[in-house]
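Residues per chain, in single letters:
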Amino acid sequence: MRRLFHLIIIICLLAAAWLYVEGKFENKHGASIKDEILLFINSEELSKQLHSMYASFQSFLNKLGNQVEQDNRTDDIEKPVLEQPQEHVFSVYNIEIGATKSEVEAILGGPKRVSLNEYGKSWSTYHEDYQNFINVMFDEKDVVVGLYTNQNLITSIVGIVLDSSKEEVRQQLGDPLTGIRKGLIVYQYQQDDGYDVFHLNNSYVTIFYDMHENDTVAAIQIIEEKTEKNKSDYYAVSSEQLKEGFEYQLFDVTNSARVVHQLSLLTWDDSVRETAREHSLDMAKNKYFSHTNLRGQSPFDRMEEDHLVFTMAGENLAYGQNSSIFAHEGLMNSLGHRENILQTKYKYLGVGVAFNGENHPYYTENFYTK
């Protein structure tokens, strides 16, 4: 499409140039064609006209490009009829903790992706072009022990849904937990950090808020109590599988968020994933956290060094969150990072994760447009 746009510009500029020259010929019969062409090529008037024409066409193409992007968005998929949960406070896509895999897949079909998560189990990811997006975690008996969504698939017996206010949540559920114990260590939850955790129905329920939308409910994660307690540390033991799982999970929830905001989907890019991985690993090994590495290179320098061609690019970094879900929700509450996630002009995304010696993950997202 971009090549077609450039071809249109060239054709129109050549046509305009010819018409301009023809007009000159009609007014100066005494001059030779060669003289007129040379005068025309070297004229300041031409330069101004070409600049004006190019600016006008660029504006037109930007508007056309934005329209194409809107037209390329996935057609709306039918939303499920949501029902009140039967046994728990919350359900997601009419699925509750304790449901069986066969019951889930009777509703959702097969997963689009299965990837290792921080609980030593896997998120099975279900969606239709990232609409009706839900992560489901099964135990060894194929029973649901975890749920997550950042879309309008939440129902509850207390009236809490996507876009409910933090005030409504706390009125209905009471005071959130202040921390969680892992072994001999109690990990404190930071107040006003964009989420609340509640202990309900033998599950840990995390309600994420959108701090840029008046602290309304943006997502929910539900983890069955035994599964949470079997995770002996706040951070999972690092591995190649977990690294890749975190990378794809961050990519998936990012695209799901773009669907919520009616934006086109990003395409996974292996090349820029390697750039992102290298930066995460460099930060983890050398114990720093910055967009500029220790050699003074910016994200754009690093992308160019890896022979990536781009017209627009951006980078998000996160550190210390124990999962890609928490990393993403934190990034959405940081204005500059949020702008990258919801940038209309980005087309590609690669995510790179690395762990330091204490199993703390570093996340790098590299967005770009060719």
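Placed above this text is the structure.
About the criteria used
Residues numbered from 1 in each chain as written. Predicted model: local features only at pLDDT ≥ 70, side-chain atom pairs only at ≥ 80, totals over all residues. Heavy atoms only, no water. Helix = DSSP H or I, 4+ residues; strand = E, 2+ residues; numbered from the N terminus. Buried < 20%, exposed > 50% of the residue type's maximum accessible area, 1.4 Å probe, protein only. Contact = heavy atoms within 4.5 Å. Pairing = 2+ DSSP bridges. Axes fitted to C-alpha atoms, helices over the stretch in contact; angles between N-to-C directions. Parallel < 35°, antiparallel > 145°, perpendicular 65-115°, else oblique. Left-handed = near helix turned anticlockwise from the far one by under 90°. Nonpolar A, V, L, I, M, F, W, Y, C, P; charged D, E, K, R; others polar. 1 Å grid on protein atoms, 1.4 Å probe; cavity = no way out; pocket = protein on both sides within 12 Å on 5 of 7 lines; lining within 4 Å. Points joined across faces, edges and corners; volume = space filled by probe spheres on them. Core = buried A, V, L, I, M, F, W, Y, C linked by side-chain atoms within 4.5 Å.

Novice: Got a minute to help me understand the overall build of the protein chain in this structure?
Specialist: Tallying secondary structure elements over the protein chain gives 11 helices and 15 strands in all. The buried share of the protein chain, reckoned over its 370 residues, is 48%. Once local pairs closer than 6 in sequence are excluded, the contacts in the protein chain between residues at least 24 apart make up 62%.

Novice: Can you walk me through the sheet that holds strand β13 (residues 312-319) in this structure?
Specialist: Strands pair in a sheet through their backbones, by hydrogen bonds, and they do so in one of two ways: parallel or antiparallel. Across the sheet, four strands lie side by side as β12-β14-β15-β13; this open sheet has mixed pairing. Two strands lie at the open edges of the sheet, namely β12 (267-268) and β13, each paired on one side alone. As paired strands, β12 and strand β14 (residues 348-355) are joined by two bridges and run parallel to one another. Bridging from a neighbouring strand, T267 pairs with Y348 of β14.

Novice: What exactly am I supposed to notice about the pairing of strand β15 (residues 361-369) here?
Specialist: For β15, the tally of buried residues reaches nine of nine residues, placing the bulk of the element in the interior. Across the two faces of β15 the burial is the same, with P361, Y363, E365, F367 and T369 and Y362, T364, N366 and Y368 all buried. Where β13 and β15 come together, eight bridges link them in antiparallel fashion. By the bridge assignment, N316 is partnered in β15 with E365. Sheet analysis places β14 next to β15, joined by eight bridges and oriented antiparallel. Within the sheet, the bridge partner assigned to V353 lies in β15 and is Y363. In this antiparallel pair of consecutive strands, β14 and β15, the connection spans five residues, and N359 shows a positive phi of 70°.

Novice: How should I be thinking about the sheet that holds strand β9 (residues 195-200) in this particular structure?
Specialist: Pairing is antiparallel across the open sheet formed by seven strands, whose spatial order is β2-β3-β4-β5-β11-β10-β9. In this open sheet, the two strands that pair with only one neighbour each are β2 (113-116) and β9. Looking at each pair of strands side by side, their axes are set apart by 20° on average, direction ignored. Inspection of the sheet shows strand β5 (residues 144-149) paired to strand β11 (residues 216-224) by four bridges, in the antiparallel sense. Of the residues in β11, the one forming a bridge with G146 is I223. Relative to β9, helix α5 (residues 166-173) is tilted by about 20°, and along the sheet it contacts β9, β10 (203-210) and β11.

Novice: Explain the packing of helix α7 (residues 240-260) against helix α10 (residues 324-332) to me, please; I cannot follow it from the model alone.
Specialist: Working note: a packed helix pair is described by the angle between its axes plus the distance between those axes. Orientation of α7 relative to α10, taken along the N-to-C sense of each, is 40°, at an axis distance of 9 Å. Of the possible angle classes, the one that applies to α7 and α10 is oblique. Considering only the axes of α7 and α10, their crossing is right-handed. Listed contacts from α10 to F246, Q249, L250, V253, T254 and A257 of α7 are S324, H328 and M332. A class-by-class count of the residues in the contact of α7 with α10 yields five nonpolar, four polar and no charged.

Novice: Would you mind going over the pairing of strand β3 (residues 122-128) with me for this structure?
Specialist: Side-chain positions along a regular strand alternate between the two faces of the sheet. With five of its seven residues buried, β3 lies for the most part within the structure. With four bridges connecting them, β2 and β3 associate as antiparallel partners. Across the sheet, residue V114 finds its bridge partner in β3, namely S124. Between β2 and β3, which follow one another and run antiparallel, lie five residues, and G120 among them has a positive phi close to 75°. Where β3 and strand β4 (residues 131-138) come together, five bridges link them in antiparallel fashion. By the bridge assignment, Y126 is partnered in β4 with I134. Between β3 and β4, which pair antiparallel in sequence order, lie two residues; one of them, D129, sits at a positive phi of approximately 50°.

Novice: What is the right way to read empty space enclosed by the protein from this model?
Specialist: To find the voids left in a structure, one rolls a probe of water-molecule size over its atoms. Throughout the structure, instances matching the rule amount to two cavities of 30 Å³ or more. Here the largest cavity is characterised by a volume of approximately 180 Å³. The wall of the largest cavity is formed by 17 residues, among which Y119, Y189, E228, N322 and F326 lie closest to the centre. Put simply, the parts of the chain that give the lining of the largest cavity at least two residues each are β7 (179-182), β9, β10 and β11. In terms of residue class, the lining of the largest cavity is built from nine nonpolar, four polar and four charged. Here the second largest cavity defines a volume of roughly 70 Å³. Residue lining of the second largest cavity: H88, V89, F90, I97, L200, N201, S203, V205 and I222, and that is the complete set. Looking at the lining of the second largest cavity, its residues break down into six nonpolar, three polar and no charged.

Novice: What should I look at first to understand the nonpolar core in this one?
Specialist: In this structure, Y148, F208, F251, V351 and Y363 are the most contacted members of the largest nonpolar core, which totals 45 residues. Sort the elements by how many residues they give to this core and α7 lands first, with eight residues. Among residues more than four places away in sequence, those in contact with F208 are Y148, G194, Y195, T216, V217, A218, A219, I220, Q221, I325, F326 and E329. Core analysis: the second largest hydrophobic core is formed by 29 residues, V89, I134, I160 and V169 among them.

Structural measurements only, silent on function.
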